[in-house]
Structures are given as C-alpha cells and as structure tokens.
Amino acid sequence: MLNFEYLRPSTVTEAGAMLGKMSEARPLAGGMTLIPAMKLRLAAPTALVDLAGVPELNGIKVDGKTVIVGAMTKHADVAASADVRRLIPALADLAGGIGDAQVRNKGTLGGSIANNDPAACYPAAVLALGATVTTNRRKIAADSFFTGMFETALEPGEIVTGVTFPVPAAAAYEKFRSPASRYALVGVFVAKTTGGVRVAVTGAATCVFRASAIESILAEKFSAEALASLRFPADGLNSDLHGDAQYRAQLVGVLTKRAVAKLS
Amino acid sequence: MNHPAGIEGAVTNPTGIGASMRRKEDMRFLMGRGNYVADIKLPDMTAGVFVRSPHAHARIVSIDKKAALAMPGVVDVLTGEDLKTDGVGGLPCAWPVVGKGGAPTKEPAHPAIAQGKVRYVGDAVAFVIAESLAQARNAAEAVVVEYDVLPAVVGVLDAIKPGAVAVFDDIPDNVCVDWELGDKHATEAAFKKAAHIARISLVNNRLVGNPMEPRAAIGAFDRSRGQHTLYTTSQFPHIVKLLMGNFVLNIPQHKLRVVSPDVGGGFGVKQFHYAEEAVVTWAAKRLGRPVKWVCDRSEGFISDAHGRDHVTEAEMALDENGKFLALKVSTIANMGGYLSTFGPNIPTNLYGPLLAGVYTTPAIYCEVKAVFTNTVPVDAYRGAGRPEATFVLERLVDVAASELGIDKAEIRRRNMIPSNAYPYQTPVMMEYDSGDPGGCLTKALANADWNGFPARKAASAAKGKLRGIGLCTYVEACGLAPSRIAIRLGVRGGLFESAAVRVHPTGQVTVLMGSHNHGQGHETTFAQIVSERLSIPAENIEIVFGDTDKVQFGLGTYGSRSLAVGGSALWKATDKVIAKGKKIAAHMLEAADTDIEFADGMFSVAGTDRAKSFAEVALSAHFPVDYPLEILEPGLEEQAFYDPVNFTFPCGAHIAEVEIDPETGVVELLSYVCVDDIGTVINPMIVDGQITGGVVQGVGQALYEDCVYDPESGQLLSGSFMDYCMPRADHVPKVSVETHITKCTHNPLGSKGCGELGTIGSPATVINAVVDALSHLGVNHIDMPASPHRVWRVINEAGGAARVAQ
Ligand SMILES: Cc1cc2nc3c(=O)[nH]c(=O)nc-3n(C[C@H](O)[C@H](O)[C@H](O)COP(=O)(O)OP(=O)(O)OC[C@H]3O[C@@H](n4cnc5c(N)ncnc54)[C@H](O)[C@@H]3O)c2cc1C
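From a predicted model like this one, the values you see are computed outputs, not experimental measurements.

Colleague: What am I meant to see in the overall build of chain A here?
Modeller: In terms of helices and strands, chain A carries 11 helices and 14 strands. In summary, chain A has a C-alpha radius of gyration of 18 Å against a globular reference of 18 Å for 264 residues, a match within 12%. Along the longest, intermediate and shortest principal axes, the C-alpha atoms of chain A span 55 × 45 × 30 Å. For chain A, the proportion of its 264 residues judged to be buried stands at 54%. Within chain A, counting contacts between residues at least 6 apart in sequence, those at least 24 apart form 58% of the total. Accessible surface computed for chain A: about 11200 Å², of which carbon and sulfur atoms make up 53%. One way to put it: in chain A the 27 positive side-chain charges average out to a point 5 Å from where the 22 negative ones average out.

Here is the structure:
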C-alpha cells in the first residue's frame, strides 16, 4: 500500500468538496474492495475520503411505494431490515447472501454499485427492480447507470448517496456462488414491476445486463414451464477457471427457472 | 464419541493416556498470545522484500539496482550474482532416489536467488532490504530486470514430448529421474493369464498447501560471538540448521541457531529448506543487522512448494472371481523448476510401495518419471505420495468392480489381507506389522448404513438429485522412518527422533522434543505420555520444541512421525528417569534397586508400605545429602534417541455419500464415515480433530482445490483465494470418526499415527461416490476437483440432465 491522506468528512457536501479538490482522491465505503486493491497496489489514491462519518448516507427509509437505501448501508443491515424483508424480500435475501459475515458487516450498497464488479449481486437488483441511483449531483436511472466492466455513469468526484427501489409486485434472486470467491458465478434477479417483467443477469458477462429475450417470454406467460425450452445463448458470456460460456448460459437458464418457480 | 483408548483398562488419570483432555496450547492461541515469527521484533531490524520473476522461463539479461538503491530507506539490494561472489552454495536436495539401472537423480543447481535464468513465475531475482517494509516494497518496484523471455513448459505430458522446451540446458529431456519398483516380469506374466483387465488414466491435481500462517524468516548475526540465528516457520528447525549451515552458507553447526516458535500450520509446506531462509541469514551477516521477511498470501501461492501433480495410467489384472492378480502403474510426476528438499522422494518411495494397499495382489510393477517444468517446485503435502497411490488403486478397484458386476465392498473383501496374515510382506518393499482392514470395513459399512443406500438413492432421485456412495480402504506408511531403510532409499540423514525429560528439584518436568508442534496438539499429547508414565498432572509438564539451542537434536514433524517416533523417544526417556529414580529411592529406602517398584507416582519397596514420592526423589537428586554420590550422579534429566525398526501402517475404511444436482453439477457431500486403525490413542479428541481436518483437506482436493497454470505462458491462474477454492466449514458434514485398533508391534507406545490418513483416504472415497452417482451415464472416472463446471460437463456430454430420471 502506498501512503495516502485520510479524510473524514461529516456531510455529503464536505465530502464532495474534498473529492473535488484532489483528482486522485477516492471515496472509501466498506473498504472491502478498495483496501485489498490498494494493498496489491492495483489502486493508489492519494487520499481516501471516508464516508463512514456521514450520517445522512446511512439507513433505510420507506417512502410510499419505494424503499430508499442509503449508500453507506451495510449488506448485513439490508438483510436484517424488517422493512426490506416485508416489501422486497428478494433484496434482503440478496444482501444476506453476499460474501461472508465480515464482508456483509463492512461492505455497502454504494460501494458495491460504484465498483460495479461484473460478478457483484447488487447491480442485478438495482437493474431488475428499475431502481434510481441518487448522487450528490443528480438522479440516474438503473438502465443507464451500469455502463461496462467496473464502469458506471458516475463522474469523477461524484458520490452515490442512495438507491430508491420501487416496491415490485414480486421478485426473486437466484445466485450460483463461485466456489472460491463466493461472488456470483451467475446471478439472476427476476422482478414483476409496474413497468413489466424485468430480468437482470450478473456474473455471466462483463457487466450486469437485462435478458430481454427472457423478459418477453415471461411477459407473455409468467411461469417456469414457459421457459422449459429456453436455451440461453452462450455468445458473449464469460469463460474462466470456474465456468466457460456454455456453463454460464446453462446457469442463466436454470437460475431463471428457479427464480420464476419461486414466484409462481 | 466411542473410542477405545488403546490402553488396557479404564482411563483413570485425567491427563494420562486415553484422556480427551483439552489442548494445553490452545489458550495462548485463542487469546492472541501466540508468538509467531512475524511477531518477533529485534533491535535495529530491517525488512526484506523479494523481487520475483513475472515470467515462467527467461534469461536474465541484466539487473539494474541503481534506482532502487537510491530510494528512501533502502539498505541494500542483493542478487544471485552477490550470492555467487560470497561463495554461497545452492539449496540441496535431501532425498534423491536411484533410477532404473542405477541412474542417479539429476540434481541441477538451485541457487537461492536466480542466476542467469528464471525457471518459474515467482523465482526470486533480487532481495531488497530497507528500514521499513513499505520502503522495501517501493524499492522492489524500482529494481529494473531485463529478461529475454523463453518459451515455457508447464504440464508433465508436454515436458516429456520430444523437442519440448528444456528447463535445464543440460537436461534436454526434462527427466529428473526414471524410477521403477516391483517385479516387471511377474507382473506381465500375470496380465497374460488375466480373465479381466481394468484400466484407468487419471490426473492427480496440483495443490497449493496454504497453511494459515504464511512463511516468514528473520536472519540475525551477533558480531560479538560470530553467531547466526535464523527464526523461521519451519516444521524441522534442526534439519534447516544442518542443510543451510552445512551445504548453503558454510556456517559451522555450533555457530548457528535455528528457532521455529509457534508455527501456524504446516501440512508439509514448511518442511523444506527454503531459499528465503538462507537469504535472510546471509544478508543479516553482510549488513550486521537483523533482516526480516514475511511472505504475503499472493507470494505464498508462487513460492511455497506445491503438492501432487501426477498423470497416471494404471491397469489391474483380475481372475474370473475378481481376485487381483497384478497391478501395473505408470506415472509422470511434476518436480517443478528445481528440486525442493524432498521432491524426488515423494512420487517414488512414498508412492510405489503404497500401491499394494490392504490387498494380497501378488505382483506389482510401478514406474515413475519425475520431470522438470517451469512451475513452482513440487514436494510433500499432507499425505505426500500416499494419497496419490491410494487414489490410483482405489479408483481402479472401483472400475474393476463395476466392470465385473461385483459389489464394491465385496471385491475389496475378496482381496483383503486377513487379520491373521500379519506381519504381511507385500511385493513392493513393505512389511506391514499389524492391521485388520476387514474389521475396519465391517464397522464402516455398518456406521454408514451401506445396505440402506438404495432407499436413500431413491429418495434423492425423487427430488431430481443423483446420489452416490463411495468406499475406499487404504493403508499408509508413516512414522518416518527406520533410518537404515530410509538411507538405503536415498535419504541423506537419519530419521530417528530425540526427547529429553528434565525433572526439576520440585518434581515438575520440562520436556525437550525434537518434534515440532504446529497445530497437532503435541504440547498436550506429549504431556499426557509423561503424565501417564510419571503420574504427575499435565499442568506440571512443559513441552519445549523448536529451538536448536534448547533441544539437543531432532528431525522434526512430518510423515505422521511425531507420536510414533518422537513419542517413542519420549517413552524411552521416561523409562530412564524411572530407572534412575528407582536407584535414588532404593538408597533412600535402604533397599535394593531391584526391589523398587514405581506406580501411581510412588517408588515403593515391593510388598511393603515403605515408599517415596516422585517429588521426594527429585528433590533428593538435586540436594544430594543422603545420596549415593559414589555410584550415582546427582540430577534427574534423561535423554533418549529412538530409531524405529519399521514404518507404521495405519489403515482403515472410509465411506462418503454425495448428492449431485444434475442441472448445475454441484456435488454436495452428505456424509463421511471413517473407521481407522491408528494404534494406541493418546488423546481421542485430538485424534478426532486430526482425522476430521485431514478428511476436509482431502475433500478439498476432491471437490474444490485446483492449482492451474496457463499452459502457454506458465502464469499461475489460480493465484489467490478468489480463484483457488479452499474447503470451508459449510462444505462438509460432521465427519464420523471411529477407531478400530490393532497396536503397532514395534514401538513402545503401540501407536501408528493419525495426521495424514484423512487426506490419504478421502480423495478416492469422495470421487468414488461422485462416479457412483454418475455411473448410470456410463461414467467410470472424473478428474479432481469434481467442480460444478466439470461435473455438469460430464453429465452434459453423457446425454444431459434429461437422462437423470433413469
Ligand atoms: C471476500 C469477498 C466476497 C464478496 N462477495 C460478494 C458477493 O457475493 N456479492 C457481491 O455483490 N459482492 C461481494 N463482495 C463485494 C462487497 O460486497 C462490497 O460490496 C464491495 O467490496 C464494495 O463495497 P465497499 O463498501 O466495501 O466499497 P469500497 O471497497 O470502500 O469501495 C469500492 C469502490 O467504490 C467507490 N465508492 C464507495 N462508496 C462510494 C459512493 N458512495 N459513491 C461513489 N463511489 C463510492 C470507492 O471509491 C471504490 O472505488 C465481496 C467482497 C469480498 C472481499
């Protein structure tokens, strides 16, 4: 790890100003990704702006037909939240299935989506639920937030403050854990939303994506049987030590069927 | 738990043999008060970081230290050329073997820092020393190494192809040694008469040991006395002292001290003399300051010796009744880019002789080619050779059973050595002293409810799951080792063990052991032996190990030897204490030595109530007022060396049940049953832990762990825990552990060893279960690890999940 400055703002405005001043400064959330990357010298920010002391970023609120989760809310808190359990149980399940106990008690929603790891779980929920990402500058729709591998619509110095999840009619997340890392080798989030059926797939490709072919089948008939003959195409899917593209395509099919079966 | 204690009668001493007392050492570990090498801070200590090769195979064109030396805090930058200038020798191989026709093992030079060429990703090219670790890291990035990158060879099959890249210019075929064992003609004759021949080709997957504590080493040099000290995470400090002092650094033995304090797991990974140990010791003298190196996890993946990595073809000849007539095994084993300390011994001496298993197969022939590749050196890893042999044999037995339509337990019974045939001489070197594998099998079948399996399989099928059951019977040779035999097999040293029992004037005892404790619970087990022998509570006994200035000599801990060999030395030392105590007591009680009995902590005159306690005798030995100084030395400290007359041969039967999800290929291990013959049990709780841990490690090999190199570039692809999958607690059910004891006939304890048998039996057991679950698809083998992806592919290729229902 290279030396860096450590800053601890207490408001979002202050944090934004600190990030604005130094081009190589980075926000620090749970540090589950950023700190190991710094230890391995894959990242070497000159300053860390620790968001842990910003109370307005933490917590879960229910507002009408939406659940708003602050960027600094830990996975364990989302998993344990009675509101989330009641309104979007699939989101609580997802958070409860991330990594291990240490990761869930440090890692945050904001850190997860800002990082946009191709195998992360939260991006699938944000995308499938048609959520809105709020930052210190604007609101960004899920469909335009995740732009590529470890890439998002965030601009330099922009801070995620929270995510607004519309409560779906029903939703389910099925994850196939990578045996070693326990990230999603493939994860499929299926949601019946006011805007129709949305299916988001993570882990399978370079970035979370919506499986529109599956969405159209389910829009017509929302049942596992409707997917019986589904052969998800392997083109463009990842191949690595833990599964080639064909295997990932198989998992997309199996997991989608299982998610839908849970909801039917 | 229902363990026979292995000793006669009930266990009455709560800290004696057979008692499940809690581990004495655990409190300091649980409270964070352990003292590991990384915890040690010496005055004026510097930090060292290795610059390691990013290439699998390259010529070093130049190394430019200038920029690094100019960095803040940098003390020195050392390279292979500096080693040469200082006349530092290469790392020795301690156990070469003799190949076909008497050909010696090829032992190419193994410099502690690469000279001229690098031979694997991770090979050290420079050592940067600075005031702080961060400064050393920064400077390491500033060392400019120019490489001429060469093509690399990674897999053993590629290494032996004609025209393959040569790892060493003067070994053009990459063959380190071509070794054989057994009677080739008898074996071939038996194959001619066979009614059936079962065949298998398999890979034994390469593994990374990953002890919880990474390796570390500190070199220190005391100028006033010209004395070197090395603190190192070693399983055998005395051997490091001998190998490094004598062969590498030319330090006389009386000027070198090696200390291995608390060590957080070894599994074999820490039983070699490593380059880093020599480099810090050498650098400390050059600088006149202590030098500390602590490996980080990523560095461990590319610098700890790896394990396994075999490719094997095997055939078994059977008669029409399923009797084994002969076995023929041909293996190619990976040695990596240099020979590690015991490299060539593992796939030969610790492998071939185990192919007899617990069976009466009359003819066996085995040939092994050990080959160099551009990968990390390969050496012993828990089980070392014996899991590989068991895997070949027990997979082949299952293949034969299914081809002949014989029940898998039945075919094993038909070929098993009967308990009354011991001692049993196998056709491949070993004479098993004792055992009852049939008894182990009977108990294991009952504990696993073997006969109830079809109903459980049907229940799984109703849920759309494929259920399989796997069985393995095994024998292992441990208690390394009878020196005379081992020296004939190539080892360059003895393999005995030492123990000293120091009785204090007040009757408490300090024990100095040549064995090394790094997680096995020795501080408890050895204390229990002394407690039993001397009738003093374990809390009054301290076990000291891991410091060559304290402990007389020792060969360390590996090959499940600590109890069978070290414990036997300790037994002998307590014999001597008791013998001397009797003489002292005889004087005190005015009786003849021969009339003194020692029992329950009292020396008494036989047939009388006249007695002296152990503490009184100890006091008399140190305050010899009324003491026969003319004929007896004062003091009460006795030392013993023990050289075993044979290996020990734990054996047993393991049974696993798995359930496979045909849609995803996930294998779930549902149950694991062991019944093992390990001889006398000192602490049943520790035995349970050792066997369970071993099983889990073997399950790791069978289902999860895989060390994968890119075949072209030689880059390690599974170089972190993000990709290298260790077994976790939620991967395994509670392992059912039971013992079925026959005592070792040739050591005083009757103990055989239990450290490795879990990893020896479990890969074959689990894979046999996986193959059983898939057998209806025509599958007769699957390579390890049986990962979800691999299992799904096998199912898919065999016709897909559609056929699951059958
Ligand atoms: C062993 C392990 C297993 C894991 N398994 C899973 C898994 O199964 N599923 C899964 O989804 N994830 C998994 N993760 C990832 C983890 O859950 C975290 O979500 C992830 O590490 C990022 O969150 P963090 O709070 O730790 O962010 P940090 O590491 O602190 O930051 C990550 C990145 O986001 C930036 N950042 C952080 N907060 C903000 C913000 N509010 N606005 C803008 N940028 C910000 C940082 O600057 C940095 O670039 C795993 C991680 C580990 C270490």
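Colleague: Before we go on, may I ask you to explain the state of the cysteines in this structure?
Modeller: Working definition: the covalent bond between the sulfur atoms of two cysteines is a disulfide. Residues and elements named next belong to chain B. Overall, the coordinates contain 0 disulfides over all chains when judged by the stated rule. There is no disulfide at C295, and the cysteine sulfur nearest it, in C707, is 14 Å away. Judged by its relative accessible area of 3%, C295 is buried.

Colleague: Looking at this model, I keep getting lost on unusual backbone geometry. Mind explaining?
Modeller: Backbone geometry follows two general trends: most residues other than glycine have a negative phi, and most peptide bonds adopt the trans configuration. Residue and element names in this part refer to chain B. Backbone torsion omega between Y422 and P423 reads -5°, so that peptide bond is classified as cis. Cis geometry marks the peptide bond from M784 to P785; its omega dihedral reads -5°. If you trace the backbone, P785 turns up in the loop between helix 19 (757–774) and helix 20 (788–797).

Colleague: Where do I start with the domain arrangement of chain A in this structure?
Modeller: One frequent convention defines the size of an interface as the accessible area lost when the parts assemble. Residue and element names in this part refer to chain A. The assigned domain composition of chain A is domain 1 (1–55) and domain 2 (58–263). Using only C-alpha atoms to locate each centre, domain 1 and domain 2 end up separated by 26 Å. Contact with domain 1, which involves 12 residues of that partner, is made by 14 residues of domain 2. Summed over both partners, the interface of domain 1 with domain 2 comes to about 960 Å²; 75% of that surface belongs to carbon and sulfur atoms. Connecting domain 1 to domain 2 are 0 salt bridges. Of the residues contributing to the side of domain 1 that touches domain 2, the split by class is 9 nonpolar, 3 polar and no charged.

Colleague: Can you walk me through the interface of chain A and chain B in this structure?
Modeller: Counting residues at the interface gives 20 residues for chain A and 24 residues for chain B. In total, chain A and chain B occlude about 1900 Å² of area from one another, counting both sides; carbon and sulfur atoms represent 54% of this. For chain A, the biggest contributors to the area lost against chain B are R41, L241 and Y247 of chain A; these three give 29% of the whole. Note that E663 of chain B is salt-bridged to R258 of chain A, the shortest N-O span being 2.8 Å.

Colleague: Which parts of the structure should I look at to understand the environment of V186 of chain A?
Modeller: Residues and elements named next belong to chain A. Looking at where V186 falls in the secondary structure, it is placed in strand 12 (residues 184–193). On the basis of relative accessible area, V186 is assigned to the buried category, the value being 0%. In this structure, the C-alpha to C-alpha distance between V186 and A205, residues 19 residues apart in sequence, is 8.8 Å.

Colleague: Looking at this structure, how should I read helix 13 (residues 453–462) of chain B?
Modeller: Along an α-helix, a turn takes 3.6 residues, which lines up residues three or four apart on a common side. All names here are of chain B. Turning to helix 13, its buried residues number three or more, namely F453, R456 and S460. Within helix 13, the buried residues cover an arc of 65° as seen down the axis, which keeps them to one side. Exposed positions of helix 13 whose direction lies more than 90 degrees from the buried face are P454, A455 and A462. Residue G464 follows helix 13 closely and has a positive phi angle near 80°.

Colleague: Would you mind going over the site of the ligand with me for this structure?
Modeller: Residues and elements named next belong to chain A. Taken together, the neighbourhood of the ligand is formed by 30 residues, with P27, G31, T33, T108 and C121 sitting nearest. Within the backbone of G30, one N or O atom sits 2.8 Å away from an oxygen atom of the ligand. Look at the ligand: alone it shows 960 Å² of surface, and the protein chains cover 92% of it. Those elements that place two or more of their residues in the shell around the ligand are strand 2 (25–28) and helix 7 (109–115). At 4 residues, helix 7 tops the list of elements feeding residues into the shell around the ligand. Looking at which domains feed residues into the shell around the ligand, each of domain 1 (1–55) and domain 2 (58–263) supplies at least three.

Colleague: Is there a simple way to think about empty space enclosed by the protein in this case?
Modeller: With a probe scaled to a water molecule rolled over the atoms, the places where space remains empty come into view. Residue and element names in this part refer to chain B. A complete count under the given rule lists 4 cavities of 30 Å³ or more for this structure. Considering the residues around the largest cavity, the lining is formed by 23 residues, among which L91, H110, Y120, Y274 and A275 are closest to the centre. Both domains that meet at the lining of the largest cavity, namely domain 1 (38–150 + 214–263 + 270–301) and domain 2 (306–481 + 646–804), each give it at least three residues. If you add up the space inside the second largest cavity, you get close to 60 Å³. Lining the second largest cavity, in full, are R308, H310, A333, N334, M335, G343, I346, P347, V378, D379 and E388. It is strand 16 (residues 324–336) that contributes the most residues to the lining of the second largest cavity, 3 residues altogether. Split by residue class, the lining of the second largest cavity holds 5 nonpolar, 3 polar and 3 charged.

Colleague: Where do I start with the sheet that holds strand 1 (residues 5–7) of chain A in this structure?
Modeller: Strand-to-strand pairing in sheets goes through backbone hydrogen bonds, with the strands running parallel or antiparallel. Residue and element names in this part refer to chain A. Within the open sheet, the 3 strands sit side by side as 1-3-2. Their pairing is parallel. A single partner strand is all that each edge strand has here, and the edge strands are strand 1 and strand 2. Strand-to-strand twist in this sheet, taken as the mean axis angle between neighbours without regard to direction, amounts to 25°. Direction of pairing for strand 1 relative to strand 3 (residues 47–50): parallel, over a ladder of 3 bridges. Looking at strand 3, one finds that Y6 is bridged to L48.

Colleague: Can you help me understand the pairing of strand 11 (residues 227–232) of chain B in this one?
Modeller: Remark: a regular strand shows side chains that alternate across the two faces of the sheet. Residue and element names in this part refer to chain B. Taken across its 6 residues, strand 11 has 6 buried, putting it largely inside the fold. With 6 bridges joining them, strand 10 (residues 216–222) and strand 11 adopt antiparallel strand pairing. In the strand pairing of strand 11, F221 is matched with H228. Between strand 10 and strand 11, which pair antiparallel and follow one another directly, the connecting turn spans 4 residues, one of which, G226, has a positive phi of 65°. In the sheet, strand 11 pairs with strand 12 (residues 256–259) via 4 bridges, with the strands oriented parallel. Following the sheet pairing, L230 is matched in strand 12 by V258.

Colleague: For this particular structure, what's the right way to read the nonpolar core?
Modeller: The tendency in soluble globular proteins is for nonpolar side chains to be buried as a group. Residues and elements named next belong to chain B. Residues F127, V770 and L774 are the most contacted members of the largest nonpolar core, which totals 189 residues. Sort the elements by how many residues they give to this core and helix 19 lands first, with 10 residues. Each of domain 1 (38–150 + 214–263 + 270–301) and domain 2 (306–481 + 646–804) contributes no fewer than three residues to this core. Apart from the residues within four sequence positions on either side, V770 is in contact with V658, I660, V667, L703, I782 and A786. Formed by 45 residues, the second largest nonpolar core is a distinct cluster that contains A585, V617, L636 and L749.

Colleague: Explanation requested: the sheet that holds strand 7 (residues 175–182) of chain B in the structure shown.
Modeller: All names here are of chain B. Reading across from one edge, 7-17-16-15-8 is the order of the 5 strands in this open sheet, with mixed pairing throughout. Only two strands of the sheet have a single partner each, and these edge strands are strand 7 and strand 8 (196–204). Taken pair by pair, the neighbouring strands of this sheet meet at an average axis angle of 10°, ignoring direction. Sheet topology places strand 7 next to strand 17 (residues 363–372); 7 bridges connect them, and they run antiparallel.

Parameters and conventions
- Residues numbered from 1 in each chain as written.
- Chains lettered and ligands numbered in written order.
- Predicted model: local features only at pLDDT ≥ 70, side-chain atom pairs only at ≥ 80, totals over all residues.
- Heavy atoms only, no water.
- Helix = DSSP H or I, 4+ residues; strand = E, 2+ residues; numbered from the N terminus.
- Rg over C-alpha atoms; globule rule 2.2 N^0.38 Å.
- Buried < 20%, exposed > 50% of the residue type's maximum accessible area, 1.4 Å probe, protein only.
- Contact = heavy atoms within 4.5 Å.
- Areas by Shrake-Rupley, 256 points an atom, 1.4 Å probe, with all protein chains shown as cover.
- Lys, Arg positive; Asp, Glu negative; His and termini not counted.
- Charge placed at Lys NZ, Arg CZ, Asp CG, Glu CD.
- Disulfide = S-S within 2.5 Å.
- Domains from an automatic or database assignment.
- Buried area = accessible area lost by both parts, 1.4 Å probe.
- Salt bridge = Lys/Arg side-chain N within 4 Å of Asp/Glu carboxyl O.
- Nonpolar A, V, L, I, M, F, W, Y, C, P; charged D, E, K, R; others polar.
- Arc of directions from axis to C-beta.
- Near = heavy atom within 4 Å.
- Polar contact = N/O pair within 3.5 Å; in protein donor to acceptor, adjacent residues only side chain to side chain.
- 1 Å grid on protein atoms, 1.4 Å probe; cavity = no way out; pocket = protein on both sides within 12 Å on 5 of 7 lines; lining within 4 Å.
- Points joined across faces, edges and corners; volume = space filled by probe spheres on them.
- Pairing = 2+ DSSP bridges.
- Axes fitted to C-alpha atoms, helices over the stretch in contact; angles between N-to-C directions.
- Core = buried A, V, L, I, M, F, W, Y, C linked by side-chain atoms within 4.5 Å.

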